[in-house]
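For reference, the chains in residue letters:
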There are 2 protein chains.
Amino acid sequence: MILSLYPGATIEYVKAHQGYLKKGAFVIDCCGVKEAVCAEIQPIAAEQGFAYVGGHPMAGIEFSGFKYSQNDLFKHASMILTPQTDMSIQDMDLLKKLWLSLGFNHVQISTPTEHDRMIAFTSQLPHVLSSAYIKSSSSFKHKGYSAGSYKDLSRVAKLNESMWTELFMLNRDNLVEEIDGVIDRLLQYRDAIKKGNEKKLWDLLHEGTERKTLIDG
Amino acid sequence: MILSLYPGATIEYVKAHQGYLKKGAFVIDCCGVKEAVCAEIQPIAAEQGFAYVGGHPMAGIEFSGFKYSQNDLFKHASMILTPQTDMSIQDMDLLKKLWLSLGFNHVQISTPTEHDRMIAFTSQLPHVLSSAYIKSSSSFKHKGYSAGSYKDLSRVAKLNESMWTELFMLNRDNLVEEIDGVIDRLLQYRDAIKKGNEKKLWDLLHEGTERKTLIDG
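Residues numbered from 1 in each chain as written. Chains lettered and ligands numbered in written order. Predicted model: local features only at pLDDT ≥ 70, side-chain atom pairs only at ≥ 80, totals over all residues. Heavy atoms only, no water.

Trainee: It is not clear to me how the packing of aromatic side chains should be interpreted in this structure. Could you clarify?
Mentor: Residues and elements named next belong to chain A. Using the criterion set out here, one finds 14 aromatic pairs over all chains in the structure. Between the aromatic rings of Y133 and Y150, the centroid separation amounts to 6.2 Å while the plane-to-plane angle is 50 degrees, which identifies the pairing as tilted. Remark: Y150 occurs in helix 5 (residues 148–154) and Y133 occurs in helix 4 (residues 112–134); sequence separation between them is 17 residues. Among the residues examined, Y133 registers a relative accessible area of 0% and is labelled buried. Residue class for Y150 comes out buried when judged on its relative accessible area of 3%. Taking 5.7 Å as the distance between ring centres and 55 degrees as the angle between the ring planes, the aromatic pair formed by W164 and F168 counts as tilted. (Phe/Tyr/Trp six-rings, centres within 6.5 Å; stacked < 30°, edge-to-face > 60°. Helix = DSSP H or I, 4+ residues; strand = E, 2+ residues; numbered from the N terminus. Buried < 20%, exposed > 50% of the residue type's maximum accessible area, 1.4 Å probe, protein only.)

Trainee: I would appreciate a short explanation of the nonpolar core in the present structure.
Mentor: Ranked by internal contacts, the top residues of the largest apolar core, which has 84 residues, are F50(A), L186(A), F50(B) and L186(B). Among all residues touching F50(B), those that are not within four sequence positions of it are V14(B), L21(B), K22(B), G24(B), A25(B), V27(B), I41(B), I44(B) and A45(B). (Core = buried A, V, L, I, M, F, W, Y, C linked by side-chain atoms within 4.5 Å. Contact = heavy atoms within 4.5 Å.)

Trainee: When you look at the confidence of the model for chain A in this model, what are you seeing that I'm missing?
Mentor: Low-pLDDT stretches of the model should not have their predicted coordinates read in fine detail. For chain A, per-residue confidence averages 96 on the pLDDT scale, and residues scoring 70 or more make up 100% of the total. Predicted complex, confidence summary: ipTM 0.94, pTM 0.95. (pLDDT = per-residue confidence, 0-100.)

Trainee: Whenever I open this one, the packing of helix 4 of chain A against helix 4 (residues 112–134) of chain B confuses me. Can you help?
Mentor: The angle between the axes and the distance between the axes are what describe a pair of packed helices. The N-to-C vectors of helix 4 of chain A and helix 4 of chain B enclose an angle of 155 degrees; their axes lie 12 Å apart at closest approach. When the interaxial angle is binned, helix 4 of chain A and helix 4 of chain B end up roughly antiparallel. Of the two possible hands of crossing, helix 4 of chain A and helix 4 of chain B adopt the one that is right-handed. For the pair formed by helix 4 of chain A and helix 4 of chain B, the contact residues are F121(A), T122(A), L125(A), P126(A), L129(A) and Y133(A) on the first element and F121(B), T122(B), L125(B), P126(B), L129(B) and Y133(B) on the second. Tallied by class, residues from the contact of helix 4 of chain A with helix 4 of chain B come to 10 nonpolar, 2 polar and no charged. (Axes fitted to C-alpha atoms, helices over the stretch in contact; angles between N-to-C directions. Parallel < 35°, antiparallel > 145°, perpendicular 65-115°, else oblique. Left-handed = near helix turned anticlockwise from the far one by under 90°. Nonpolar A, V, L, I, M, F, W, Y, C, P; charged D, E, K, R; others polar.)

Trainee: Would you mind showing me how to read the side chain of S130(B) here?
Mentor: All names here are of chain B. With respect to the helices and strands, the residue S130 is situated in helix 4. According to the relative accessible area criterion, S130 is buried, its value standing at 0%. What S130 contacts, discounting residues up to four positions off in sequence, is L153, S154, R155, V156 and A157.

Trainee: Help me understand the sheet that holds strand 5 (residues 106–109) of chain A in this model?
Mentor: Residues and elements named next belong to chain A. One open sheet holds the 5 strands; their spatial order is 1-2-3-4-5, and the pairing between them is mixed. In the strand order of this sheet, the two ends are held by strand 1 (2–3) and strand 5, each with one partner. For strand 3 (residues 51–58) and strand 4 (residues 78–83), the ladder comprises 6 bridges, and the chain directions are antiparallel. What sits directly across from G54, in strand 4, is T82. The sheet strands contacting helix 2 (residues 35–48) are strand 2 (26–29), strand 3 and strand 4, and the helix crosses strand 3 at an angle near 150 degrees. (Pairing = 2+ DSSP bridges.)

This is the structure we're talking about:
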């Protein structure tokens, strides 16, 4: 069974229906945070005898609802799974095959803790940055002055406020750490520019180029 | 004549070759900042009798060099022009047609001051944000945990350090103002998350969604 609900609703659903879940069945959620969800569902799974696996499909767009569905949304995407440590290799293999058959090209096995730390950077921080970016008073007049970098930076400013509020609140420590980090780094660029320190600015930009090249080629 | 050099090199080129420029000729530069460049070239143009027009093609990629050239780079892009105020309507019309014939779908007429203020937001700030974003220690392990929002936010972290250092330094006041603004806004999200203030966080995210929807549909 694949549950595709918000975190709170996922937990409520499992609690309410736990007596009807078949023993031995795989139950996989699709929430964007894992610690808060897995901590609630794992004990229920142990008690009721179904096999619970945390899941997070790394694919999404800034629109929601059936009319925006895409039949290739999962193509070349990564599916993150946070299985309980006692899951058998055979069961894991079956699960991997399930997601790969849906179009995903990678199944990332992780722990809830590692998942939440990584997702704060790869997904949550971009949404915060994009939302903060678009609110510059200059944004009203961007047309004619903008191109790819504006488009990329502003894309996910349009988001589902209710879903993201819930996700952010369930990953507060990790996300605050990422926001603090990016603010600290922004202040370095800001100070170098303010002071006219070309050497320092060049170094800061060069470090960014090196990092991006190192990790993404 | 279209000059496609860095700002300092553009000014040096015009100074060195001003005696060879035909009277009445159109001379257009392609620098990413306009006040610093136009202020130097306009007096030379007035003295030598050529028609100088500041230009900035709003199209680019994070790679440079001939092997990365794209024959559709300017397609659907905007060309910004900052002509001198005494240019005739006939000449402006000719110039517009020139750029539209190269594939641009819009010619934005502006002033050097307005251009530099807008570009600080639409182009320079995204490069600073992307560079600061990618330097999180989490970025090393992003694979398997990332999707579109990571890709969009990190794309222009790979940049030409020398060119962007020069461009940022020639637009310091505007860019510092934009960076300060985004840091102020990031602190609002950070504080709401840190304090667990769901209502405030929802409002902040909602404002971003509203702004993005208002300006880009």
